[in-house]
There are 2 protein chains.
Amino acid sequence: HRRLDHPTLTATMPPIEVPMSMYAENRQKLCARLLEKLSNAREKKLLVLMEGGKEEYRYDSDAEKIFRQESWFAYLFGVKEPGFYGSIDVNTGYTTLYMPRLPAEYAVWMGRIQPPSHFQAMYEVDRVLFVDELAATLLGPERPDTLLLNRGLNTDSGSTAKPASVEGVTTPLKEGNGAQAGKPLPCDYDSLYDELVECRVHKSAAELRVLQYVNDISSDAHLAVMQQVKPGMTEYQLESLFLHHGYYYGGCRHVAYTSICGCGPNAATLHYGHAGAPNDRLIRDGDMLLLDMGAEFRCYASDITCSFPASGTFSPDQKMIFQVVQAMQFAVMDALRPGVAWPDMHDLAYRVGCEMLLKGGLLKGSVEALMEANIMPFFMPHGLGHFMGLDVHDCGGYPPALGLKKSEKRGYKNLRTGRVMEEGMVITVEPGVYFIDSLLDELVADVRLRELVDLEVLETRFRGFGGVRLEDDVVIVEGGIRNLTRAARTVEEVEAVMAGKIKCKEELPNRW
Amino acid sequence: HRRLDHPTLTATMPPIEVPMSMYAENRQKLCARLLEKLSNAREKKLLVLMEGGKEEYRYDSDAEKIFRQESWFAYLFGVKEPGFYGSIDVNTGYTTLYMPRLPAEYAVWMGRIQPPSHFQAMYEVDRVLFVDELAATLLGPERPDTLLLNRGLNTDSGSTAKPASVEGVTTPLKEGNGAQAGKPLPCDYDSLYDELVECRVHKSAAELRVLQYVNDISSDAHLAVMQQVKPGMTEYQLESLFLHHGYYYGGCRHVAYTSICGCGPNAATLHYGHAGAPNDRLIRDGDMLLLDMGAEFRCYASDITCSFPASGTFSPDQKMIFQVVQAMQFAVMDALRPGVAWPDMHDLAYRVGCEMLLKGGLLKGSVEALMEANIMPFFMPHGLGHFMGLDVHDCGGYPPALGLKKSEKRGYKNLRTGRVMEEGMVITVEPGVYFIDSLLDELVADVRLRELVDLEVLETRFRGFGGVRLEDDVVIVEGGIRNLTRAARTVEEVEAVMAGKIKCKEELPNRW
Ligand SMILES: [Mn+2]
Ligand SMILES: [Mn+2]
């Protein structure tokens, strides 16, 4: 009988309420920023116009995907349904939502058709109109001088945010689409994005409460998974346990990203878990596991990685690598505070990595020689971390106004931000050490670098090992950080969790 | 402590292997059909060219969605990775896959870069080339006389299948894109789709094995959910239990559609569970539950609905409505066989519904008068069922060659197929009775129809009740059907499952 048992069936912690005042505060912050930054903003009627996400279907079928709101729209309005638009008057803050007008059949298939008053009360905005009233409203007596539209480059994806687009309002009317003639409104595509980015980079107290909640449920879920791992399971069963814990106990229908559940050598594939490598390997007794999984709640992300031995007990080699990464992470967590530059933290992680791998017998020479040769990118090719918020790789890593340049140096060039830390930023700290075949081949082929490696140790003990990553989500506060994550971060803690001696995350130390 | 317990942790039934010969057979079937249907097919070099699905990201972010292959491509090639093209020579069956050429960094982030030989062995095709070799290959010595491209109308969604598109091959080269001049190949957009549809409508033995597997795991999961429901849970916890069961025990990473978990009045919203109504109501003791959930395995769907009382015991009213629907379903299952027209089955369900609702005291008059007045669409506004395969609402409901017209009659016009049943078709049988406010208002306002309803019974006992649906997936076989689904379908079975007396689906009768 393949039956699930849930003895604590109704002992759930209900998901937190996210107050609509959080979104009102986000809007106020944006307006205040725009008034400060844009000359003559006070003399003109500037209107921010945003377009929410639309329904999506699988290819040509009628299988509708579960809708997840677009992050920019979620930030300002908190609307969970597709097909909305929203506007904010920059001077007054007056906020209008435009909702889709639904056909009568909707009531049968999708549920009661709610009137604008329902959404006005639910989203606590000044007014709700229908999308089909948008053009007449903005072209009529309320006509703004300029529309501010959200266009700008996402420096993680290389994609561009899609600005709101309404025929007759932001673009000319197509021929034959009604008598309502006239030019579209003046549109400013350049003033909004960077300010909105800065608003999102600095999290409010209300946003931090949501981020703490989703981190709590994800920390719980990681712990539950660790307690249940046994050799003989498949990687995707761990993914399934995590997804279930987050949804069943925490109301998290989405995750912030595809779960990475790598065992053994798979842990060395940084974004393992995609459709071409779908977490489908059998877990063996001697494997290290690397689980990078984060729930999402009301579009806010978490991003946590735990690494541990499938057997529940570290082998000496597993212990060595784990403690290297732990030292890297702890050093950064201790140093991180307002005023430090993120690339310096990355450098610190690399330096500690060199020290520890030297001590562990894998590297040779001196720390200075190793840093000078920049050997660490062969073991940790990714950046130390990234901003996190509505997107798991959140916006604002390299804002043009700061003139930051991405380093061209190996390893450092993958940093997702070059910024100096400020209070209210939320960032991941996720050092790792991996044994990636293609990089090891390159390392071993380099006559200068191979001198710094004990090749026998590398080839006989560590090639095929996989990797270790430890990832926490922290908020920058006065004088330091507050850690949103609570996970097993020492050898002793990991073994105690897996032996059932530590039963919940509250029994783990809260170091930061 | 919010901990999951899984005492049967490793007692999993491993997912079945899907042999690549299934896809080879699908291709052979298509080629044979095309040779039969297209005049001069044998004299010409006709080449089917298909484009697989592409990677997708959340809006402008770098959060990659889990890739799910496009169904047409999945049918012919079984490729699970994004970015492929495929071609089939109609006369010889010679099959080429075109794989994306991946950058060197891929090895670090996504895993080992596999050569064409790897995919050739994995997908058992004649040849694997790179996508960037496609144009030169097809424009060179292998040049076909005509490309057959897949364009056609999906009659469920109203969307059009996207034919393969390759610059320089199916469309002219854009200026400046290389010296390789010349016209694109002759493209036939009209001959392929309808034949491919007919191939998909008639399932092979190999496909039926996959459909049976995904039905098995979904039947198991429904049973597990029923055993664990308790008042006080939320609807989405049932969704989570189902998703987890399908993935953890069955390796089903996707579901065929968004789970519908309606309790109480929500069961009357046919497509409840979407983002605007996300299964978030608390389940109460007196509620009926309607759970419409189906796992997906290797892109093949299942689609099962169970209805039962949250308390575990039917009230008299719940029992009455349940038995109406059960009678509707059983009557159709008994009558269904090759040669019967699907609209007649829908009519039969309506007729049995009238008989039973008359007996139950909700309707008045005679069955003939009720059928003549066409009252059933007010209680069951949807069609009786739909083809199922790679899409949950599978293609082929109204192929143009058959000249079938959709009925304009209320209720009947929502039928997803008007076809006569043939061996190898897979179809859902899903009658229901619902109490939908907007439809009841319309019913009660109609002076002719209201005479046929006991209004006091309706308003005092059933408005707000929600609804009942029973949905099984069946394959049409010689002389009848084979039921792929095994679920609790009588009052006694439901109560026995919920009391723990029936522990697994094998203890339920296999009626068809
Ligand atoms: Mn991360
Ligand atoms: Mn169905």
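Remember, predicted model here, so these are calculated numbers, not experimental data.

Criteria and cut-off values
- Residues numbered from 1 in each chain as written.
- Chains lettered and ligands numbered in written order.
- Predicted model: local features only at pLDDT ≥ 70, side-chain atom pairs only at ≥ 80, totals over all residues.
- Heavy atoms only, no water.
- Donors = N, O, S within 2.8 Å, 3.2 Å for Na, K, Ca; no water.
- Helix = DSSP H or I, 4+ residues; strand = E, 2+ residues; numbered from the N terminus.
- Buried < 20%, exposed > 50% of the residue type's maximum accessible area, 1.4 Å probe, protein only.
- Axes fitted to C-alpha atoms, helices over the stretch in contact; angles between N-to-C directions.
- Parallel < 35°, antiparallel > 145°, perpendicular 65-115°, else oblique.
- Contact = heavy atoms within 4.5 Å.
- Nonpolar A, V, L, I, M, F, W, Y, C, P; charged D, E, K, R; others polar.
- 1 Å grid on protein atoms, 1.4 Å probe; cavity = no way out; pocket = protein on both sides within 12 Å on 5 of 7 lines; lining within 4 Å.
- Points joined across faces, edges and corners; volume = space filled by probe spheres on them.
- Buried area = accessible area lost by both parts, 1.4 Å probe.
- Salt bridge = Lys/Arg side-chain N within 4 Å of Asp/Glu carboxyl O.

A. Expanded view of the coordination of the manganese ion (ligand 1). All names here are of chain A. Protein coordination of the manganese ion (ligand 1) is provided by D303 (OD), H386 (NE2), E430 (OE) and E471 (OE), with donor distances spanning 2.1 to 2.4 Å. Of note, the manganese ion (ligand 1) draws all its donor residues from one chain, in the sequence arrangement D-x82-H-x43-E-x40-E. Linking D303 in the loop between β11 (300-301) and β12 (304-309) with E430 in the loop between β13 (426-429) and β14 (432-434), this pair joins segments that are 127 residues apart in sequence. Both residues of the pair, D303 and E430, count as buried.

B. Local environment of the packing of helix α7 (residues 205-228) of chain A against helix α15 (residues 491-498) of chain A. Residues and elements named next belong to chain A. It is the contact of α7 with α15, at a shortest axis distance of 8 Å, that shows an interaxial angle of 70°. Relative to α15, the element α7 is oriented roughly perpendicular. Contact residues: L223, M226 and Q227 in α7; V494, V497 and M498 in α15. Residues belonging to the contact of α7 with α15 are distributed by class as follows: 5 nonpolar, 1 polar and no charged.

C. The arrangement of the environment of A:I436 in detail. By the element assignment, A:I436 lies in the loop between β14 and α12 (437-445). Separated by 351 residues in the primary sequence, A:I436 and A:Y85 place their C-alpha atoms 46 Å from one another. Setting aside its immediate chain neighbours within four residues, A:I436 contacts A:A268, A:P381, B:A107 and B:V108.

D. The arrangement of empty space enclosed by the protein in detail. Residues and elements named next belong to chain A. Enumeration according to the criterion identifies 5 cavities of 30 Å³ or more in this entry. If you trace the second largest cavity, you find it lined by Q329, F330, D472, N483, T485, R486, A487, R489, P509, N510, R511 and W512. Of the residues belonging to the lining of the second largest cavity, the class tally is 4 nonpolar, 4 polar and 4 charged.

E. Summary view of the interface of chain B and chain A. At the junction of the two partners, chain B supplies 95 residues and chain A supplies 95 residues. For the pair chain B and chain A, the summed buried area comes to about 8,100 Å², and 54% of that belongs to carbon and sulfur atoms. Linking chain B with chain A are 10 salt bridges, by the criterion used here. Taken together, the elements giving at least two residues each to the side of chain B that touches chain A come down to α3 (106-109), α7 (205-228), α8 (235-250), β7 (254-255) and α12 (437-445) of chain B. When residues of the side of chain B that touches chain A are assigned to their parent elements, the largest contribution, 11 residues, is made by α8(B). When its residues are assigned to classes, the side of chain B that touches chain A shows 37 nonpolar, 33 polar and 25 charged.

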